[in-house]
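Given next are the chains, with one letter for each unit.
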Amino acid sequence: MIKEQESINKLKSISEFKASEEFLSDLKRYGQIKKMDAGDILFEENTSIRAIPIILKGSVKVYQSDDDFKELLLYYLKEGDTCIMSVLNGLYNESNQLKAVANEKSEVLLLPVQKLGILTKNHPEWIDYIFRIYHQRFQELLDVVNAVAFKKMDERLLRFLKKRSEVSGKRSIKITHEELANELGTARVVISRLLKQMEGNKLVRLSRNKITLL
């Protein structure tokens with residue numbers, strides 16, 4: 001119970017939330033904490049959104065897949081983030097088009113979609129928060145489109161590793177070449193070749209299932 005209270009108290013670190021105890025009280029009253037291990041699914045594609053997630057601890061990866069079930073990593077949700085597409089799909093009762101998976105051991109506050117109207121009506125802090133997250137996600141999606149359309153795979157790979165390092169706060173990243181290939185939508189042999197080149201250029205150091213940025 002004490003640990004759950006500590007997680008809930010992290011809501012105070014969100015800039016839009018800290019000024020209103022009444023708003024924080026409503027979030028605590030309406031929300032339910034979900035604990036997740038790495039690899040646990042937060043939500044699937046083509047499902048109804050029943051609750052809006054706010055990340056209290058850890059991080060979550062958000063993907064979209066094509067008709068051949070190839071997945072493309074869109075962005076990470078970090079502490080204090082929510083999934084803006086979940087908010088929009090919940091508001092308009094539309095099926096979810098994204099998949100979210102815990103990147104590490106995480107805790108998420110789930111807000112029932114039925115409470116979104118109350119939050120929007122009673123708390124301008126909620127609207128400010130949603131607009132900030134919307135702007136942030138839009139910029140990240142533009143970065144993804146730019147990378148896929150205009151960047152070479154070696155540039156995309158290095159960008160991915162730097163982003164993963166930023167999210168985890170660590171220079172060493174535990175990931176296999178196969179997982180990297182799936183994240184970036186390419187073949188494992190391509191990733192292995194590029195990583196060897198990057199190691200030769202002293203950009204990374206490779207070890208078993210681990211990559212360290214230099």
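Residues numbered from 1 in each chain as written. Predicted model: local features only at pLDDT ≥ 70, side-chain atom pairs only at ≥ 80, totals over all residues. Heavy atoms only, no water.

Visitor: Tell me about the overall build of the protein, and please be specific about residues and values.
Guide: Broken down by element type, the protein carries 8 helices and 10 strands. Relative to the compact-globule value of 17 Å for 214 residues, the protein shows a C-alpha radius of gyration of 18 Å, a close match. Structurally, the protein occupies a C-alpha span of about 55 × 40 × 25 Å along its principal axes. Taken across its 214 residues, the protein has 42% of its residues classed as buried. Sequence-distant contacts in the protein: of pairs separated by 6 or more residues, those separated by 24 or more amount to 70%. Of the roughly 12,200 Å² of accessible surface on the protein, a fraction of 50% belongs to carbon and sulfur atoms. (Helix = DSSP H or I, 4+ residues; strand = E, 2+ residues; numbered from the N terminus. Rg over C-alpha atoms; globule rule 2.2 N^0.38 Å. Buried < 20%, exposed > 50% of the residue type's maximum accessible area, 1.4 Å probe, protein only. Contact = heavy atoms within 4.5 Å. Areas by Shrake-Rupley, 256 points an atom, 1.4 Å probe, with all protein chains shown as cover.)

Visitor: Now, about the packing of aromatic side chains: what can you tell me, with residues and values included?
Guide: In total, this model carries 4 aromatic pairs according to the counting rule given. Here the aromatic rings of phenylalanine 17 and phenylalanine 23 are separated by 4.8 Å at their centres, their planes lie at 90°, and the arrangement is edge-to-face. Each ring, one from tryptophan 126 and one from tyrosine 129, has its centre 5.7 Å from the other, and the planes form 40°; the classification is tilted. Separated by 3 residues within a single helix, tryptophan 126 and tyrosine 129 lie in helix 5 (residues 124-150), roughly one turn from each other. Across the pair, exposure class does not vary: tryptophan 126 and tyrosine 129 are buried alike. The ring of tyrosine 75 carries arginine 137 above its face, with NZ or CZ at 4.9 Å from the centroid. (Phe/Tyr/Trp six-rings, centres within 6.5 Å; stacked < 30°, edge-to-face > 60°. Lys NZ or Arg CZ within 6 Å of the ring centre and 35° of its normal.)

Visitor: Lay out the pattern of salt bridges in plain terms, naming residues and giving numbers.
Guide: Going through the model one piece at a time under the given rule, you end up with 11 salt bridges. A salt bridge links glutamate 166 to lysine 78; the shortest N-O distance between them is 3.6 Å. Within this pair, whereas glutamate 166 is found in helix 6 (residues 153-168), its partner lysine 78 is found in the loop between strand 5 (71-77) and helix 3 (84-91), the two being separated by 88 residues in sequence. Accessibility expressed as a relative area gives 23% for lysine 78, which makes it partly exposed. If you follow the salt bridges from partner to partner, you end up with Lys78, Asp81, Arg137, Glu140, Lys163 and Glu166 in one network. (Salt bridge = Lys/Arg side-chain N within 4 Å of Asp/Glu carboxyl O.)

Visitor: Describe the pairing of strand 9 (residues 204-207), listing the residues and the values that go with them.
Guide: Across 4 bridges, strand 9 lies against strand 10 (residues 210-213) in antiparallel orientation. When the sheet's bridge partners are listed, arginine 205 is paired in strand 10 with threonine 212. Two successive antiparallel strands, strand 9 and strand 10, enclose a turn made up of 2 residues, where asparagine 209 displays a positive phi of approximately 55°. (Pairing = 2+ DSSP bridges.)

Visitor: Now, about the packing of helix 6 against helix 7 (residues 177-184): what can you tell me, with residues and values included?
Guide: Put simply, helix 6 and helix 7 touch, their axes get as near as 11 Å, and they point 105° apart. Overall, the two elements helix 6 and helix 7 adopt an arrangement that is roughly perpendicular. Two secondary-structure elements touch here, helix 6 through Met153, Arg156, Leu157, Phe160, Leu161 and Arg164 and helix 7 through Leu180, Glu183 and Leu184. (Axes fitted to C-alpha atoms, helices over the stretch in contact; angles between N-to-C directions. Parallel < 35°, antiparallel > 145°, perpendicular 65-115°, else oblique.)

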